[in-house]
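So the chains spell out like this:
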Amino acid sequence: MPEIIEETSQEQFYIPENIYASAIRIVYFDSLSKIAPENQKERYNLQKADALLYAGRTKEAIEILERLWAASKKSALRYQLDANEEEKIGPLLAVAYMRLGEQQNCIHHHNASASCIVPIDPEGYHQAPEGSKKAIELYEHFLSQNSRDYNSRWLLNIAYMTLGEYPDGVPEKWLIPESVFESEYPLMKFEDIAPKLGLNVNDLSGGSIVDDFNNDNLLDVLVSSWFPSGKINFFINDGKGGFIEKTSAAGLKEVQGGLNMLQTDYNNDGFIDVLILRGAWMEKLGKHPNSLLRNNGDNTFSDVTIEAGLLSFHPTQTATWADFDNDGWIDLFIGNESGTDNVHPSEFYRNNGDGTFSDQTSSSGLSVSNEEESYFVKGVTSGDYNNDGWMDIYVSTLHSSRNLLFINQGKTSKGKIQFREEGAQRGLEEKISSFPTWSFDYNNDGWVDIFVAGYRRSTFYNIVPDIVSDYLKEPNRAETMRLYQNNKGSFTDVSSEVGLNKIGYAMGANYGDLDNDGFPDIYLSTGEVSFESIIPNRVFRNDSGEKFQDVTTAGGLGHVQKGHAVSFSDIDNDGDQDIQVVMGGAYEGDNFFNSVYLNPYQDENHWITLKLEGIKANRAAIGSKIEVTVIEDGKAFTIFHTISSGGSFGASTLRAQIGLGKASEVKEVKIKWAGSGTTQVFTDLQMNTFYRITENKPEAEMLDLQPISFVTPISR
């Protein structure tokens, strides 16, 4: 596999046609400028400056852009660049200065608790002010020519924030008021402790998994970087307050690249395995292989993609694991990205139960894309939407096509699994452009709902003008979030009713319980590839299943760097859910530090944590349903949870971490095991306790896990 990945990279990635291969493009445009006629040289120099900026060589880019900007103001480029090219110079120079400020301050002098968190605290103010000051001059110049230039208005306000001069220093006519950032609920503040743990990996966008890879009841961390040369980083939780990097020792040094990752136990041996997904956004250059990593049970992994029968070459970053045929073995659905002349059907692999998979895409009815109709699939999630005991699939797509709902029809007389697309019949006929998605029971009524984040901007170059319009409550045409409430098998869009009819321009995203009140909340890693897209991640608290409240600012979670994979987990075993976020963009120079936000709610509300192990059901219990009935204020209340890794970009732990709010006792815990249909009921479980529950064992095993007090990182 390493040889296959390397060969694919050289053929499809490290070439000038790939807009993300900035280093290659620098050399390419430099060579063209040297041989081009005199009246075309500056065109290639401008393209070289663009590539330098996105390669992280900001000062070199600024040198070229300053010269071009000066020439442009003297009308000296009239016969060398067209109008569109000349218009790019000033904005490109301004964002280069913004990026210089980020590099000199947020990256080189990183302060996890303050750097790049909106609104920026004094500890995050730039000590090297040159970049922001130069950017302010340019943005004020642009705004003097066009006061409706919302891109410049937003970045002007951000630049003033970095200098500690917001809001008073911002010209009033261009000020974005502080009030737009106010939270709708006083969530306690989360602290980014990644530097203390040695988990502040400084890299590009990628995937993350937080889970127990060595079965010691401590949660470990696996993160990836999407470039073919990007490193997989594997950290073992030592249980003493530190993490030990074990990448090389685990055999992962040769496993490189990957925009997203998902965990499962595909061979039912009790150890968590990993699927790495590649090729997304690359279109015709995206024929990259995925990788299946088998956990060998000794803190090492082996790439078994070929022997497992999963080698294919399609652009993707999304998949879902579930036991779709209820035979006790986890199957796999992969959503691939197709265009009109670049068709990549999605893939469905049935687990054969012997370590291999069979491609049953066509026979199952899950091809999704074909020559007649293609879908650019960006997110997939599985859930039992009609409560019939068979796992279904929801598919999120870009380009304003209809998202798809495949209802599992069970097995045919010949034992083949069948799906039928029924989205329109079940209330999901709307054509939207969307990205990450997941299945969760947001209102605890026992029926799995669907969340999907919109991903379409207006006609602007980037999403920033839409974000400004959204903050200022002005009309815009950007796609908004959707929450589809499950009404016993059919769906209703309740986004407006619950306060989610806002722009949620997310790449990575996931859900978890921020305050252990028993209702799942939302974390959106927002952004896009453009360097101008300096927009905050957004976080929404679920208020008792009735509405969602923006708590971004109160929680200290409004990071403006590119956000990708999100994982919720109780990483310190204290009963509340912490948040691990992979930061960084797609271009070579858009690296940033990952975050680990420590949850402050350990003493506020009650909780229970359940580790399920299937026997007839799949060993990881994926798809199994948990109902926890508690007594609160003398009344019974049931909280519903399904075992999964959560969102379609980022993977939370498979260990069920369930907030119980102000409950006085746990009355009953009911487990409905996926696939086997076994139901078990426990009436003697205690709050604020960890348990292991094994299918068909009458007693739950209490786990004596103590909270971990994190210390400085350990190097070994």
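Residues numbered from 1 in each chain as written. Predicted model: local features only at pLDDT ≥ 70, side-chain atom pairs only at ≥ 80, totals over all residues. Heavy atoms only, no water.

(A) Highlighting the UniProt feature "domain: ASPIC/UnbV" (unreviewed entry) in the protein. Per the UniProt record, the feature "domain: ASPIC/UnbV" (unreviewed entry) sits at residues 621-691. What you have in residues 621-691 is 0% helix and 51% strand, and the ends, taken at the C-alpha atoms, are 14 Å apart. (UniProt positions renumbered as here; feature names shortened; annotations may be inferred. Helix = DSSP H or I, 4+ residues; strand = E, 2+ residues; numbered from the N terminus.)

(B) Quick peek at unusual backbone geometry. Following V118, the chain continues into P119 via a peptide bond in cis, with omega recorded as -10°. Tracing the sequence through the fold places P119 in the loop between α5 (83-107) and α6 (130-145). With an omega of 0°, the peptide bond between Y166 and P167 qualifies as cis. If you trace the backbone, P167 turns up in the loop between α7 (150-162) and β1 (191-192). Positive phi values are uncommon outside glycine, yet W281 reaches one of about 70°. Relative to the assigned elements, W281 resides in the loop between β8 (273-277) and β9 (291-295). Phi is positive for S544, close to 55°, though the residue is something other than glycine. Given the relative accessible area of 39%, S544 is considered partly exposed. (Buried < 20%, exposed > 50% of the residue type's maximum accessible area, 1.4 Å probe, protein only.)

(C) Spatial organisation of the side chain of S652. Examined against the element boundaries, S652 turns out to sit in the loop between β35 (635-642) and β36 (656-661). At 2.9 Å, the side chain of S652 and the backbone nitrogen of F568 are in polar contact. Contacts of S652, omitting those with residues within four sequence positions, involve V210, D211, Q263, N510, Y511, S567, F568, S644 and S645. (Polar contact = N/O pair within 3.5 Å; in protein donor to acceptor, adjacent residues only side chain to side chain. Contact = heavy atoms within 4.5 Å.)

(D) Representation of helix α3 (residues 41-54) in the model. Between its first and last C-alpha atoms α3 spans 20 Å; for 14 residues at 1.5 Å apiece the expected length is 20 Å, and the two agree. Most of α3 sits out of view: 11 of its 14 residues are buried. Along α3, the residues that are buried comprise K41, E42, Y44, N45, L46, K48, A49, A51, L52, L53 and Y54. Of the surrounding secondary structure, the elements contacted by the buried residues of α3 are α2 (22-35), α4 (58-73) and α5. Within two residues after α3, G56 carries a phi angle of roughly 90°, on the positive side. (Expected span 1.5 Å × (residues − 1).)

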